[in-house]
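Residue strings, one per chain:
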Amino acid sequence: MKPFQLAKGNTVPNLEGIHACYEVVERTRQNGEPYYSFAANVGMETLPLLLEDFCRQLDEPCFFLCELGATKDQEEKLRQSEDSPYHRCVYYKDGCSREELLSIWRKYGEWFVEDGMSCFGFASHRTADEIYVGKYKIVNLFTKDLERYEALLKRYQIPREESIKTVWNNFTREQPGECRLVTINGKTVYDIVDELLEDGLYFAEFREEA
């Protein structure tokens, strides 16, 4: 079997049992509405295609979000002690059309998908359907339309399982994972965010690292 393909910015010493698959859990929002929460392992040979397809299906208006680690100067102001958590900078671009999302993805997607330090996602303001790519590129998808997104994952031959194993299950003190900032064509995701800030992206908040 072909080894599970990671992003360039991620290192995982032990990939035993890690393969493309997803699980679904039914949850309830604070307002009482039920929804489905997907968690998926998606290899890098598939993830860019899956994300582009997801953007094509979103109901407008849409938004883009990304999260980057706070800078050293920012952390010096935010952290009260050595025991304080680190922070992420959360950015949004609201009110996008599908074409605007696809434009962001086609122009900048390589940086976000290959980088080990950033998290990002795409979502619909109208339906709250959202795909979020977190650390180690584990994919989370939130929706009320189970069939729609099961069909999307099936298109890429990603099977549903009762409970999936992610890279987090394989990390130990002796074999931890590693996330790195990736430079592509002389730029990092920090440079890309600077460019997007000139085109409607805005800083929303600092969020504590989980």
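That block above? That's the structure.
For the structure given in this document, a descriptive report is provided here.

### Let's talk about the overall build of the protein chain
Scanning the protein chain from terminus to terminus reveals 5 helices and 10 strands. Dimensions of the protein chain, computed from C-alpha atoms along their principal axes, come out at roughly 45 × 45 × 40 Å. By sequence separation, contacts in the protein chain at least 24 residues apart represent 74% of the contacts at least 6 residues apart. Summing over all exposed atoms, the protein chain offers an accessible surface of approximately 11,300 Å²; the carbon and sulfur share of this is 46%. Separation between the mean location of the 26 positive side-chain charges and that of the 38 negative ones in the protein chain comes to 2 Å.

### Things to note about the layout of surface pockets
Reported here for the largest pocket is a volume of approximately 260 Å³. Lining the largest pocket are 13 residues, and of these Cys 119, Tyr 132, Lys 135, Glu 209 and Ala 210 sit closest to its centre. Here the lining of the largest pocket is composed, by residue class, of 5 nonpolar, 2 polar and 6 charged. Of the voids in this model, the second largest pocket is the one considered here, and its volume is about 220 Å³. Forming the boundary of the second largest pocket are 15 residues, of which Lys 2, Phe 4, His 19, Ala 20 and Glu 45 lie nearest the centre. For the lining of the second largest pocket, the per-class residue count stands at 8 nonpolar, 5 polar and 2 charged.

### Things to note about the pattern of salt bridges
Scanning all chains against the criterion turns up 17 salt bridges. Across the salt bridge formed by Glu 33 and Lys 144, the nearest N and O atoms sit 3.7 Å from each other. Taken as a pair, Glu 33 in the loop between β2 (21–28) and β3 (34–41) and Lys 144 in the loop between β8 (139–143) and α4 (146–155) lie far apart in primary sequence, 111 residues in all. One continuous salt-bridge network, built from bridges that share partners, spans Glu 67, Arg 88, Lys 135, Glu 205, Arg 207 and Glu 209.

### Details of the pairing of β3
Most of β3 is tucked away: 6 of the 8 residues are buried. Where β2 lies against β3, 8 bridges are found, and the strand directions are antiparallel. Looking at β3, one finds that Cys 21 is bridged to Asn 41. In this antiparallel pair of consecutive strands, β2 and β3, the connection spans 5 residues, and Gly 32 shows a positive phi of 95 degrees. The pairing of β3 with β8 spans 5 bridges and is antiparallel. Bridge assignment links Phe 38 to a residue of β8, and that residue is Leu 141.

### Considerations on the nonpolar core
Of all hydrophobic cores here, the largest spans 47 residues; its most connected members are Phe 64, Phe 112, Phe 120 and Phe 122. Discounting chain neighbours no more than four positions away, the residues touching Phe 112 are Phe 64, Cys 66, Ser 118, Phe 120, Lys 137, Val 189, Ile 192, Val 193 and Leu 196. Listed in part, the 7 residues of the second largest apolar core include Phe 4, Val 12, Ile 18 and Tyr 136.

### With respect to empty space enclosed by the protein
Across all of its chains, the model carries 2 cavities of 30 Å³ or more by this definition. Empty space within the largest cavity amounts to approximately 80 Å³. Phe 4, Gln 5, Leu 6, Ala 7, Asn 10, Asn 41, Val 42, Met 44, Tyr 136, Lys 137, Ile 138 and Val 167 together form the lining of the largest cavity. When grouped by side-chain class, the residues that make up the lining of the largest cavity number 8 nonpolar, 3 polar and 1 charged. Taken as a whole, the second largest cavity encloses approximately 40 Å³ of empty space. Surrounding the second largest cavity, Phe 38, Ala 39, Ala 40, Leu 50, Ile 131, Val 139, Asn 140, Leu 141 and Leu 153 form its lining. Contributions of two or more residues to the lining of the second largest cavity are made by β3 and β8. By residue class, the composition of the lining of the second largest cavity is 8 nonpolar, 1 polar and no charged.

About the cut-offs
- Residues numbered from 1 in each chain as written.
- Predicted model: local features only at pLDDT ≥ 70, side-chain atom pairs only at ≥ 80, totals over all residues.
- Heavy atoms only, no water.
- Helix = DSSP H or I, 4+ residues; strand = E, 2+ residues; numbered from the N terminus.
- Contact = heavy atoms within 4.5 Å.
- Areas by Shrake-Rupley, 256 points an atom, 1.4 Å probe, with all protein chains shown as cover.
- Lys, Arg positive; Asp, Glu negative; His and termini not counted.
- Charge placed at Lys NZ, Arg CZ, Asp CG, Glu CD.
- 1 Å grid on protein atoms, 1.4 Å probe; cavity = no way out; pocket = protein on both sides within 12 Å on 5 of 7 lines; lining within 4 Å.
- Points joined across faces, edges and corners; volume = space filled by probe spheres on them.
- Nonpolar A, V, L, I, M, F, W, Y, C, P; charged D, E, K, R; others polar.
- Salt bridge = Lys/Arg side-chain N within 4 Å of Asp/Glu carboxyl O.
- Buried < 20%, exposed > 50% of the residue type's maximum accessible area, 1.4 Å probe, protein only.
- Pairing = 2+ DSSP bridges.
- Core = buried A, V, L, I, M, F, W, Y, C linked by side-chain atoms within 4.5 Å.

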